[in-house]
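One-letter residues, chain by chain:
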Amino acid sequence: MTTPSGDLSPTEVRILSALRNQKEIDGPGWGLGNPLYFRQTTDLEKGEVEYALQKLVEKGYIARVNRGLYCINTDENAVFELNRPTPDTGVQPQDFKSSGHEPTQVYTPARIARFLTDWAVRQGRTSVLEPTVGSGNIAKQICRRKFDLGANPETVETTVFGREVDEDAVNKLKERIHREFEISLPGISAGDIFAYDGPMVEAIVGNPPYAGASNFSLPDSVKTRFTEKYGFNGNTDLYCYVTAHVTQYLESGGRLAVVLSNSWLRKRYGTEFKQFLFSEYDIRAIIGFEHTTFDAGTNPVCLLAERSEESSGDSQEIEFIQLRDEAELVGAETIDELRKQAMLPSVESPVNPDDNFDELLRAPELIEYIRNDSLFTELETVANVRIGLQTLAKEFYTFDPEKESSSSPSLAEKYKQPFAHSPSNFESPRITGDNADRKLLDIDETDVANQNSAAEYVEWGENREVGQRNTDETFTGYNEKPRIKGANRDPWYDLSDEKTKCTGPVLLPRRIYKAYTAYWNQDQIVANENFLIVTPNDASTTESLLAFLNSTLGEVCVRLSGQVYGGGVCELSVTGAKSIACPEFDHLNSDAHELLSKSFNTFLDTQNREQLDQTVYETLGLPDSVRSLIEDTAAKSLREVAVK
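Colleague: Quick question: what am I supposed to make of the pairing of strand β12 (residues 346–351) here?
Modeller: For a regular strand, side chains alternate in direction, first toward one face of the sheet and then toward the other. Residue alternation in β12 divides its side chains into a buried set, V347, S349 and V351, and an unburied set, S346, E348 and P350. Across six bridges, strand β11 (residues 316–323) lies against β12 in antiparallel orientation. Along β12, the bridge assignment pairs Q316 with V351.

In structure tokens, the structure reads:
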């Protein structure tokens, strides 16, 4: 049963209100949100959101759909049932993947399972391993494929292998297979995949579990093996380890067909995973989906590869195919067939492990043009990029005039300075000290020594009971919080050293929904971690850079460098921002810079992109065909926000 509403903290009320608002937008029985959505709509910090979500689940107000997705709990007995109608994908409620390491439970749509199996299993006698079988949607397709290719029951029974940590799930799978095909599968067993020691096979088909580095544990021997061999690091996801582990059971020339989270396409640990793939496989194709095909918190891609003892670790020619949804897989058994029936453009491109594969899925033709145009470079070659200030205790270090706390002592205004806290606080692309409604603590040791309101405020901070995010642990004083102690601020309340590094003329939002703006930080006030700070190497190119970043082309390049998550948010990391395609401004003459600067200043007054776009296109000499690609990609990016 849910607890009385009086049991909710103010933070929990804000989270619940945001989720209820989302439900009203989405319609009855729906209303989903992930931590990024709550941070964007409430301006709460990550730790506050995670702790509040944990408490709301415990109290029965919301339910956890998967590791990163939450829904209002509509059942009085706190039994959650997802009511939103879904397309007919052939997925049964039991068709999820599990790993035993607190992974995200992910449905495998029947169309995807069928295509992967048809591509990987070429003959009825092909031996197949499914690393984590769940309750058997892929296993079912493997059996179906073998019978379609003329295999007899004995051959199927002796050539299908699998592993699943949940013994009950294995038993249900075997019952299901026996019921549908009248065969048994002795090669599928219960246990951890990392303890599996089965025979060599000619195909691996699967959907390895997804779990971020902080959500699973592996024996040190397993992590050490892949760290030493492939360079896997502390951020490597569980599915990378599973894929690397089972590779040892795949014969040379054997086929790998797996569904993976798309995070490896661009994330830093993805480089190491790509290096592993390049060293062990010839990658034939990577298939993405514009529409989310699993649950609202997962964006998958399909990886098709062949085991090769002569694979190059430097470069490979890979087919990148983006589909509208899994319906386009119907009837295809080969990559050629799939390419022909895909509605969106695809590209076969030479790539290396450092490349951003995601861009080639989402905008292949535009990225190919940019790569081959000598006028374009990456943002990190023309500017420095860093994240904004991480206060580690927003409620102590920052001030919102509309939400002043009655529990804290009054602090003189001279001890507060303008603060760019969040993109949602600014209606204009121009940020100044005057239009920044948030303030940042500006106290040093000298101020406190004067025994005034600064001293009283610090004393209050040192005696207040505060919580630690993600735990029930509390401390007396912000100065005792482990993260603040770890920041080595001297004294603990003085942000001076960090503030000097967190100012710059250009601010990019770290999280982008439908609306996007690149901000001119005219007074170079301190920016919060909700922004990425961009400082051009040549200060005279600042307005030219802002003109580009605020154009449609600029937005497209920014979005292509971000990670699109379930819920439609595009999150931009420092690493991703550094790779944003942008003009090499040193190659533009003074007339071009003057035109861009003038156009940007007009945009500041009107916020109308048309003239800005026209100036950017003409200055960069982009032909009409490329302009059309830009507009198409921009529309596609907004569709991603709407459908994911």
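Colleague: Hey, could you run me through unusual backbone geometry in this one?
Modeller: Working note: non-glycine residues mostly have negative phi, and peptide bonds are mostly trans. D490 connects to P491 through a cis peptide bond whose omega is -5°. When you line up the elements, P491 lands in the loop between α17 (482–486) and α18 (496–499). Phi angles above zero are rare outside glycine, and E182 is one such case at about 55°. Here E182 shows up in the loop between α7 (167–181) and β6 (188–190). Positive phi, normally seen in glycine, also occurs at Q524, with a value near 50°. By relative accessible area, Q524 is classed as partly exposed at 39%.

Colleague: What is the right way to read the pairing of β11 from this model?
Modeller: A large share of β11 lies buried, amounting to seven of its eight residues. Bridge analysis of strand β9 (residues 281–289) against β11 gives five bridges, and the strand direction is parallel. The residue bridging G288 from the neighbouring strand is Q322, located in β11.

Colleague: Got a minute to help me understand the environment of S544 in this structure?
Modeller: Note on placement: S544 falls in helix α19 (residues 542–550). Between the alpha carbons of S544 and S597 there is a distance of 5.5 Å; along the sequence they are 53 residues apart. Look past the residues within four positions of S544 in its chain and what remains in contact with it is F585, H593 and L596.

Colleague: In this structure, what is going on with the pattern of salt bridges? I would like to understand it.
Modeller: It is possible for side chains of opposite charge to pair when their charged atoms get near one another. Taken as a whole and assessed by the stated rule, the structure comprises 28 salt bridges. Notably, a salt bridge pairs R144 with D118, separated by 2.9 Å at the nearest N-O pair. Separated by 26 residues along the polypeptide, R144 in helix α5 (residues 137–148) and D118 in helix α4 (residues 110–120) bring together distant segments of the chain. Look at R144 and you get buried, because its relative accessible area is 14%.

Colleague: Explain the sheet that holds β6 here, please?
Modeller: Within a beta sheet, neighbouring strands are joined by backbone hydrogen bonds and run either parallel or antiparallel to one another. The sheet built from nine strands is open, its strands ordered β6-β5-β4-β7-β8-β10-β9-β11-β12 with mixed pairing. The two strands at the open ends of the sheet, each matched to only one other strand, are β6 and β12. Direction aside, the axes of adjacent strands within the sheet are offset by 15° on average. Sitting on the sheet, helix α9 (residues 238–246) touches β4 (128–130), β7 (201–206) and β8 (250–261), and the angle it makes with β8 is about 170°.

Colleague: Hey, could you run me through the nonpolar core in this one?
Modeller: In this structure, W264, I286 and L553 are the most contacted members of the largest nonpolar core, which totals 135 residues. When near neighbours in sequence (up to four residues on either side) are disregarded, I286 contacts W264, L265, V301, C302, L303, I318, E319, F320, I321, F357 and L361. Counting residues in hydrophobic clusters, the runner-up holds 37 residues, among them Y457, W460, V526 and I533.

Colleague: Help me understand the state of the cysteines in this model?
Modeller: The term disulfide refers to a covalent linkage connecting the sulfur atoms of a pair of cysteines. This model, assessed by the stated rule, comprises zero disulfides. Sulfur of C582: no disulfide; nearest cysteine sulfur belongs to C557 and is 8.2 Å away.

Colleague: Can you walk me through the sheet that holds strand β17 (residues 430–431) in this structure?
Modeller: An order of β14-β25-β21-β23-β17 is seen for the five strands of this open sheet, with the pairing classed as mixed. Whereas interior strands pair on both sides, the edge strands pair on one side only; in this sheet they are β14 (383–387) and β17. Pairing of β14 with strand β25 (residues 531–536), which is carried by five bridges, proceeds in the antiparallel orientation. Across the sheet, the residue bridging to A383 is P536, located in β25.

Colleague: Would you take a moment to explain helix α13 (residues 364–372) for this structure?
Modeller: Because each turn of an α-helix spans 3.6 residues, side chains separated by three or four positions end up pointing in the same direction. Buried within α13 we find P364, L366, I367 and I370. The buried residues of α13 occupy an angular sector of 165° when projected down its axis, which confines them to one face.

Colleague: Which parts of the structure should I look at to understand the packing of aromatic side chains?
Modeller: Evaluated as defined, the whole model comprises 30 aromatic pairs. Centroid distance Y196 to Y249: 5.2 Å. Interplanar angle 75°. Geometry classified as edge-to-face. Of this pair, Y196 sits in the loop between β6 and β7 while Y249 sits in the loop between α9 and β8, placing them 53 residues apart in sequence. Overall, Y249 belongs to the buried group, its relative accessible area being 6%. Residues F396 and Y457 carry aromatic rings whose centres are separated by 4.9 Å and whose planes lie at 25° to one another, so their mutual orientation is stacked. Taken together, the positions of F396 in helix α14 (residues 394–397) and Y457 in helix α16 (residues 453–463) put the pair 61 residues apart, joining distant regions of the chain. Both residues of the pair, F396 and Y457, count as buried. Cluster of aromatic residues (ring-pair linked, three or more members): F226, Y230, F232, Y239, Y241, W264, F273, F276, F278, Y281, F320 and F357.

Conventions adopted
Numbers given for residues are sequential positions, taken from 1 along each chain in its written order. Where totals are concerned, whole chains, interfaces and linings use all residues; where local detail is concerned, this predicted model gives features only for residues with pLDDT of at least 70, and gives and counts side-chain atom pairs only at 80 or more. With hydrogens and water excluded, all non-hydrogen atoms of the structure serve as input to the side-chain values. Working definition: with a 1.4 Å probe on protein chains only, accessible area under 20% of the residue-type maximum means buried, over 50% means exposed, and in between means partly exposed. The helix and strand labels rest on DSSP assignments: H or I over at least four residues marks a helix, E over at least two residues marks a strand, and numbering proceeds from the N terminus. Whether two strands pair depends on DSSP finding at least two bridges between them. Contacts are assigned to residue pairs that have any heavy atoms within 4.5 Å of one another. Within this document, salt bridges are pairs made up of a side-chain nitrogen of Lys or Arg and a carboxyl oxygen of Asp or Glu, the two lying within 4 Å of each other. Between N-to-C directions, angles cover 0 to 180 degrees, with each direction set by a line fitted to C-alpha atoms, over the stretch in contact for helices. Here, the term nonpolar core denotes a set of buried Ala, Val, Leu, Ile, Met, Phe, Trp, Tyr and Cys residues that are joined through side-chain atoms within 4.5 Å. The disulfide definition used here is simple: a pair of cysteine sulfur atoms within 2.5 Å. Directions are taken from the helix axis to each C-beta atom, and the arc is the one they span. Note on ring pairs: Phe, Tyr and Trp rings are taken, using the six-membered ring of Trp, and paired if centres are within 6.5 Å. Classes follow the plane angle, with under 30 degrees stacked, over 60 edge-to-face and the rest tilted.

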